[in-house]
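Below are the chains, spelled out letter by letter.
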Protein chains: 2
Amino acid sequence: MQWDRWGDPDKRKVLSDGVKSLLEQALGVKVDDSRNLDADSVVLTPSVLSERGLAALADIVGEDHVGTSHRDRLLRAGGKSTLDLLRRRSAEPQDAPDAVVTPGNDDEIARVLSYASENSIAVVPFGGGTSVVGGLDPVRDRFDAVISLDLRRFDTLVDLDTASGIAVLGSGLTGPRAEELLGEQGYSLGHFPQSFLFATIGGFAATRSSGQASAGYGRFEDMVQGLRVVTPTGSIDTGRAPASAAGPDLGELFVGSEGTLGVITQVRVRVHPVPETTVCEGWNFPDFATGAAALRAVVQAGTMPTVMRLSDEAETGVNLATTDKIGEDSVTGGCLSITTFEGTAEHTAERADEARAILKAHGGTSLGEEPGNDWEHGRFDAPYLRDSLLDAGALCETLETATNWGNVDNLKTAVTTALTSALSEQGTPPLVMCHISHTYQTGASLYFTVVCGQTEHPISQWRKAKTAAGDAIIAAGGTITHHHAVGVDHRPWMEDEIGDLGVRVLRAVKAAVDPAGILNPGKLIP
Amino acid sequence: MQWDRWGDPDKRKVLSDGVKSLLEQALGVKVDDSRNLDADSVVLTPSVLSERGLAALADIVGEDHVGTSHRDRLLRAGGKSTLDLLRRRSAEPQDAPDAVVTPGNDDEIARVLSYASENSIAVVPFGGGTSVVGGLDPVRDRFDAVISLDLRRFDTLVDLDTASGIAVLGSGLTGPRAEELLGEQGYSLGHFPQSFLFATIGGFAATRSSGQASAGYGRFEDMVQGLRVVTPTGSIDTGRAPASAAGPDLGELFVGSEGTLGVITQVRVRVHPVPETTVCEGWNFPDFATGAAALRAVVQAGTMPTVMRLSDEAETGVNLATTDKIGEDSVTGGCLSITTFEGTAEHTAERADEARAILKAHGGTSLGEEPGNDWEHGRFDAPYLRDSLLDAGALCETLETATNWGNVDNLKTAVTTALTSALSEQGTPPLVMCHISHTYQTGASLYFTVVCGQTEHPISQWRKAKTAAGDAIIAAGGTITHHHAVGVDHRPWMEDEIGDLGVRVLRAVKAAVDPAGILNPGKLIP
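The structure presented is a predicted model; accordingly, all values stated were derived computationally and were not measured. Here the residue index of a chain counts from 1 through its sequence in written order. Throughout, the order in which chains and ligands are written sets their labels, letters from A for the former and numbers from 1 for the latter. Note on the predicted model: pLDDT of at least 70 is required for a residue's local features to be given, and 80 or more for side-chain atom pairs to be given and counted; whole-chain, interface and lining totals, by contrast, use all residues. The side-chain quantities take in all heavy atoms of the structure and omit both hydrogens and water.

## Here's the deal with the overall build of chain A
And step 1. In DSSP terms, a helix is any run of H or I states spanning at least four residues, a strand is any run of E spanning at least two, and both are numbered starting from the N terminus. Scanning chain A from N- to C-terminus turns up 18 helices and 18 strands.
And step 2. In this setup the radius of gyration rests on C-alpha atoms only. A globule is expected at 2.2 Å times the number of residues raised to 0.38. By the compact-globule yardstick of 24 Å for 526 residues, chain A fits well, its C-alpha radius of gyration being 23 Å.
And step 3. The cut-offs for exposure are 20% and 50% of the maximum accessible area for each residue type, with area from a 1.4 Å probe on protein chains only; residues under the lower value are buried, those over the upper are exposed, and the others partly exposed. Per-residue burial for chain A yields a buried fraction of 62% across its 526 residues.
And step 4. What makes two residues a contact is simply this: any of their non-hydrogen atoms within 4.5 Å. In chain A, of all internal contacts separated by at least 6 residues, the share reaching a separation of at least 24 is 77%.
And step 5. Here, Shrake-Rupley sampling with a 1.4 Å probe gives the accessible areas, and only protein chains in the shown set may cover a residue. When the accessible surface of chain A is summed, it comes to about 18,000 Å², and 49% of that surface belongs to carbon and sulfur atoms.
And step 6. In this charge count, Lys and Arg are treated as positive and Asp and Glu as negative; neither His nor the chain ends contribute. To locate a charge, take NZ of a lysine, CZ of an arginine, CG of an aspartate or CD of a glutamate. Taking the 44 positively charged and 71 negatively charged side chains of chain A as two groups, their mean positions are separated by 3 Å.

Listed below in structure tokens is the structure:
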């Protein structure tokens, strides 16, 4: 992962003339893609860890596994939100962890946490570094120092029980590496969030991640059968059975704990044989409400697509759904939807037929395989596009929520209006696009993409828009985050989300497992 | 519900000659079904609540809603486990709540909890009274008195959002009443545990109940979209969206909290249109392992039956699966399995066909519709049979667990052996029967029924057997309870189940929401 942008340098996206003209004409952006930045010229605040402290950490994990180089620290200075990237590119001195500690086993983690608890050191667990909510910010809070606890050495397939369809995965495995190890034995996890190529298994669990195939294989918490978590006051293995009535599900307390309650070192997940067949199909709906009603009918009928998405008119209009063709082709209006089905050939065909009948009956027109294949091809590339837009002087960011089907239209309008007003008031009227990417029997997610010109102070510009959107989400009955997690950025809305009692419960759990409060301070828990 | 036995007096089961001869010949029970008991002759310990205390409670909920009569107290003296029923029928003085308080709204509950916190009164929330794990025992612990908090007045369908498929149900609604209210609008919840006819919506949530149609509609926690819970330190509404990444799922902390963390007053649940079609089918498998592998293949293929069960050879042999015919007909050996599918006619037919092909390929022989219909007809009647067996001088009880598919055979053998040894050592060799009633992609539940003769001290006789079974479950990697919950009876194994850290987490949450510890003391949390 690059220090100042998403992913692989070779995949950098050159903006097409179509996009450039869209930016210039519609959003008033003066395109300038000549910017270039140099990692070595970024100024980091100096590490405050003493020689004694570094030696003590090296004593636990080995000298090779404690890093304090400029590059080590810069790469763990934060995640990949637009705010992170804007900050990275600024000339101001930037905060970074005082050291990067890379433990090799649970016992080393326990000893690091113990040392940190006794020596006023905050600990930020680090997986793939893909947080878009400030979950990795090196917040010092009341502590003397902060370290990044990098889990990359927890990178093995610990066990695969094919009869039960359960794999035990090291938390530091990236998405592709986990799929590779499972694939060698004919299995797949099926968790493909946009961060898939870089994010880790532990990160998926810590953030309640949801992948593009969630309609078929579930959200990551649905896949999790159990977790091993190391805390400053001991370890826990959650989940003794596929289901249990032995009290509250404590696994659900650590899934989504974002490094504030413990360090996840192993995840037991549900896996399935690599599917024989995948069938993709594109659909066009005359408008978003019609399309949403069609998706609802499919999911409520129990038809079980693997993927089911719907782009609104704006997103369809600029062809954002297929990032390779954005702004180049134009579709004939309406709203693009994608479905995929997976399984044996017969199983897949039957379900696709059932869904097809429902989508047609609800006003859909099939566009054949191509749009689905295009989407699949480019489905991890949107972050590269954002980088190029930022490079070109545009502001681009995404945010997401979810609600019940009965409230989808209301919430979509509320968030679109809030974003449009907040950015227009700053002189940068935006293009706000939206899609449904995750469907449930009772509701759906809404994923917004915003593009506009940058003001002179793009960080505060976006903060104003984000605040307006968050307030609108809460007022309109949505959740503050459907799959990006809370981190620093959504923490102001947590009391609205879970109430005063919910906050007190989280604080009580935190105090029980992390009495010194060293684990990822300033995140999640208000 | 009767005070000393299950359910409706008119449904009392007369043991057939076949069952009587089975009991006498195989288990050495001397059948004597002439016993008859009189509620008024049961001796309850006197209520210790002062006039002042009763007046204060009446001041909150109204005089008509504070009961101290013999019958009020006797009916809330406990649940319906075999230990409960044996205790009820004994001549010893029995403990009972000092009063039964029946609040009418959340505010009254908050005030009762506040009064109880300040006046050393333990509070046992009461729904349908069907606990089989001692969840309703009037444990006084360190408190001066104990009251039963009866939720029967929370009995309305508060809201039905048909677009989202979400109903808001009062926690005191019984299963049939909830289905009736939903059915009037064409909807169904689809939660049918054996306790269905008497248990309540709040009880389903408080105990992580799982119904017979869990393969199709999910466990109760899967249905729950949100809860309203009143605690001594405030209220909480969980669940703002169908899914969220806004931190740990606090709903999952209150689902399964068994009245120890708060009083559930409303439950928002996923509902579905009343299915057009239900198709039942019976299957025979040569042995349990073959049948289990077939069920596993169906669930892992994503075929989604509504119900899928498998009785072992012993249970099939005495025809326990169809309680109306127990001991009367004999099947031709092997293992009986039942599947049902629900939905539109076409949807149902396609899925039933897919399952049929898989079951056949895995060694199953179809028995047609009849066994499935027989099972459906008698599916809530097993508790009546247990009463008649107890009346006749036999000991009969059930227990259940769950594990991964790869561990099903091992766990089944371990529990069967433990029960058989523990009861044989006491001179009462048992008949131990087992079935799978809940299936998951990664594993299944195992439900055991034990019948044997009674010793002179049947309570201690069963305690020894239960201890042996619980120890065997933990040693063999199962969960101590798949759907009966913890209560008093499974509490000794909670630390094995969730670990020392898990226990500390539950205690921390308890201390935060119920600092005086008045809520259902002695249950769930060690």
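Continuing now.
## Some details on the interface of chain A and chain B
And step 1. Between chain A and chain B, the residue contacts involve 80 residues of the former and 80 residues of the latter.
And step 2. Interface area for chain A against chain B, summed over the two sides, is near 5,700 Å², with a carbon-plus-sulfur share of 58%.
And step 3. Basic side-chain nitrogens of Lys or Arg form a salt bridge, by our definition, when they fall within 4 Å of a carboxyl oxygen of Asp or Glu. For the salt bridge of B:Arg240 with A:Glu497, the shortest nitrogen-to-oxygen distance reads 4.0 Å.
And step 4. The definition of a polar contact used here is a pair of N or O atoms within 3.5 Å, where within protein one atom must be able to donate a hydrogen and the other to accept one, and adjacent residues in sequence count solely through side-chain atom pairs. Summed over the shared surface of chain A and chain B, the result is 38 residue pairs in polar contact (both at pLDDT 80 or more).
And step 5. It is helix H18 (residues 494-513) of chain A that provides the largest number of residues to the side of chain A that touches chain B, a total of 13 residues.
And step 6. Under the grouping applied here, Gly and all other residues not named as nonpolar or charged are polar, the nonpolar ones being Ala, Val, Leu, Ile, Met, Phe, Trp, Tyr, Cys and Pro and the charged ones Asp, Glu, Lys and Arg. Grouping the constituent residues of the side of chain A that touches chain B by class yields 32 nonpolar, 31 polar and 17 charged. Buried area is understood as the total, over both parts, of accessible area removed when two parts are fitted together, assessed with a 1.4 Å probe.

## What to know about empty space enclosed by the protein
Where empty space is left in the structure can be found by rolling a water-sized probe over the atoms.
All names here are of chain A.
And step 1. Definitions used throughout: a 1 Å grid over protein atoms alone; a cavity as a set of points that fits a 1.4 Å probe which cannot get out; a pocket as an open set with protein on both sides within 12 Å along at least five of seven lines; a lining residue as one with an atom within 4 Å of a point. Grid points are joined across faces, edges and corners, and a volume is the space filled by probe spheres set on the points. One pass over the structure, following the stated rule, counts six cavities of 30 Å³ or more.
And step 2. By volume, the second largest cavity amounts to about 60 Å³.
And step 3. Taken together, Gln2, Trp3, Leu74, Leu75, Gly78, Gly79, Lys80, Asp84, Leu85 and Arg88 form the lining of the second largest cavity.
And step 4. Of all elements in the fold, only helix H3 (70-75) and helix H4 (82-88) reach the threshold of two or more residues within the lining of the second largest cavity.
And step 5. The greatest single-element share of the lining of the second largest cavity, amounting to three residues, is contributed by H4.
And step 6. Among the residues making up the lining of the second largest cavity, the classes are represented as four nonpolar, three polar and three charged.

## A word on the packing of aromatic side chains
And step 1. Stacked, edge-to-face and tilted labels apply to pairs of Phe, Tyr and Trp rings (six-membered ring for Trp) whose centres lie within 6.5 Å, assigned for plane angles under 30 degrees, over 60, and everything in between, in that order. Counted under the stated rule, the structure contains eight aromatic pairs over all chains.
And step 2. Between A:Phe196 and A:Phe380 the ring centres are 5.3 Å apart and the planes differ by 25°, which places this aromatic pair in the stacked class. Remark: A:Phe380 occurs in the loop between helix H14 (370-378) and helix H15 (382-391) and A:Phe196 occurs in the loop between strand E7 (187-188) and helix H7 (201-206); sequence separation between them is 184 residues. No difference in accessibility class separates A:Phe196 from A:Phe380, as the two residues are buried.
And step 3. Between the aromatic rings of B:Trp6 and B:Phe198, the centroid separation amounts to 5.5 Å while the plane-to-plane angle is 85°, which identifies the pairing as edge-to-face. Here B:Phe198 lies in the loop between strand E7 (187-188) and helix H7 (201-206) and B:Trp6 lies in the segment before helix H1 (17-27), a separation of 192 residues in the sequence.
And step 4. Put simply, the rings of A:Phe192, A:Phe196 and A:Phe380 pair up and form one aromatic cluster.
And step 5. One Lys or Arg, A:Lys412, reaches over the ring of A:Phe288 and ends 4.7 Å from the middle of that ring. Sitting over a ring, as applied to charges here, requires NZ of Lys or CZ of Arg to be within 6 Å of the ring centre and within 35 degrees of the ring normal.

## Here's the deal with the relation of the copies chain A and chain B
Between the two copies of the chain lies a rotation about an axis combined with a shift along it.
And step 1. Superposition of the copies used a least-squares fit over C-alpha atoms from residues whose pLDDT is at least 70 in both. Overlaying chain A with chain B gives an RMSD of 0.0 Å, the required rotation being 180° about an axis along which the chain moves by 0.0 Å. Taken together, the turn and the small shift mark the pair as related by a two-fold rotation axis.

## A word on the sheet that holds strand E2 (residues 99-101) of chain A
All names here are of chain A.
And step 1. Between any two strands, pairing holds if DSSP finds at least two bridges. Reading across the sheet, the four strands line up as E1-E2-E4-E3 and stay open at both edges, with mixed pairing between neighbours. Only two strands of the sheet have a single partner each, and these edge strands are strand E1 (66-67) and strand E3 (121-126).
And step 2. Bridge count for E2 against strand E4 (residues 145-150) is three bridges, and the pairing is parallel. Residue pairing in the sheet places Val101 in a bridge with Leu149 of E4.
And step 3. To get an axis, a line is fitted to the C-alpha atoms, and for a helix only the part in contact is used. The angle between two axes follows their N-to-C directions and goes from 0 to 180 degrees. Most of the contacts of helix H5 (residues 106-118) go to E3, to which it runs at about 150°, and overall it touches E2, E3 and E4.

## A look at the sheet that holds strand E8 (residues 224-231) of chain A
And step 1. Spatially, the five strands line up as an open sheet ordered E5-E6-E10-E8-E9 (chain A), and their pairing is antiparallel. For this open sheet the edge positions go to strand E5 (157-161) and strand E9 (234-237) of chain A, each flanked by a neighbour on one side alone. Each strand axis lies, on average, 10° off the axis of its neighbour in the sheet, ignoring direction.
And step 2. Sheet topology places E5(A) next to strand E6 (residues 166-170) of chain A; four bridges connect them, and they run antiparallel. For A:Leu160, the partnering residue across the bridge sits in E6(A) and is A:Ala167.
And step 3. H5(A) contacts E8 and strand E10 (263-270) of chain A of the sheet and is inclined by roughly 45° relative to E8(A).
And step 4. Lying over the sheet, helix H18 (residues 494-513) of chain B contacts E8 and E9 of chain A, oriented at roughly 140° with respect to E9(A).

## A look at the state of the cysteines
Disulfide: a covalent bond connecting the sulfur atoms of a pair of cysteines.
And step 1. Throughout, disulfides are identified as pairs of cysteine sulfur atoms within 2.5 Å of each other. Taken as a whole and assessed by the stated rule, the structure comprises zero disulfides over all chains.
And step 2. Free cysteine: B:Cys452, not disulfide-bonded; nearest cysteine sulfur from B:Cys396 at 9.0 Å.

## Some words on the confidence of the model for chain A
Segments scoring low in pLDDT should not have their predicted coordinates read at a detailed level.
And step 1. Per-residue pLDDT for chain A has a mean of 94; in total, 97% of the residues score no lower than 70.
And step 2. Note on the complex model: pTM 0.96, ipTM 0.95. Values of pLDDT, which run from 0 to 100, indicate the predictor's confidence residue by residue.

## With respect to the pattern of salt bridges
All names here are of chain B.
And step 1. Enumeration according to the criterion identifies 55 salt bridges over all chains in this entry.
And step 2. For Asp141, the salt bridge goes to Arg142, with nearest N and O atoms at 3.4 Å.
And step 3. Taking relative accessible area as the criterion, Arg142 reaches 58% and is therefore assigned exposed.

## Focus on the environment of A:Ala163
And step 1. Position of A:Ala163 relative to the elements: it lies in the loop between E5 and E6.
And step 2. If sequence neighbours within four positions are ignored, A:Ala163 has contacts with B:Arg296, B:Gln300, B:Trp405 and B:Gly406.

## Some details on the nonpolar core
And step 1. With 107 residues, the main nonpolar core has A:Phe220 and B:Phe220 as its most contacted residues.
And step 2. Residues in contact with B:Phe220, not counting those within four places in the same chain, are B:Leu189, B:His191, B:Ile201, B:Phe204, B:Ala205, B:Ser209, B:Val267 and B:Val269. Definition of nonpolar core: a set of buried residues of the types Ala, Val, Leu, Ile, Met, Phe, Trp, Tyr and Cys, connected through side-chain atoms within 4.5 Å.

## Observations concerning helix H1 (residues 17-27) of chain A
Residues and elements named next belong to chain A.
And step 1. Considered for burial, the residues of H1 that qualify are Val19, Leu23 and Leu27. Seen along its axis, H1 keeps its buried residues to an arc of 40°; they face one direction. For H1, exposure combined with an orientation more than 90 degrees from the buried face picks out Asp17 and Gln25.
And step 2. In this fold, the buried residues of H1 make contact with H15, strand E16 (394-404), strand E17 (431-436) and strand E18 (443-453).
And step 3. Between a side-chain oxygen at the N-terminus of H1 and the backbone nitrogen of Val19 the separation is 3.1 Å; the capping residue is Ser16.
And step 4. Just past H1, the residue Gly28 takes up positive phi, approximately 70°. The directions considered for the arc run from the helix axis to the C-beta atoms.

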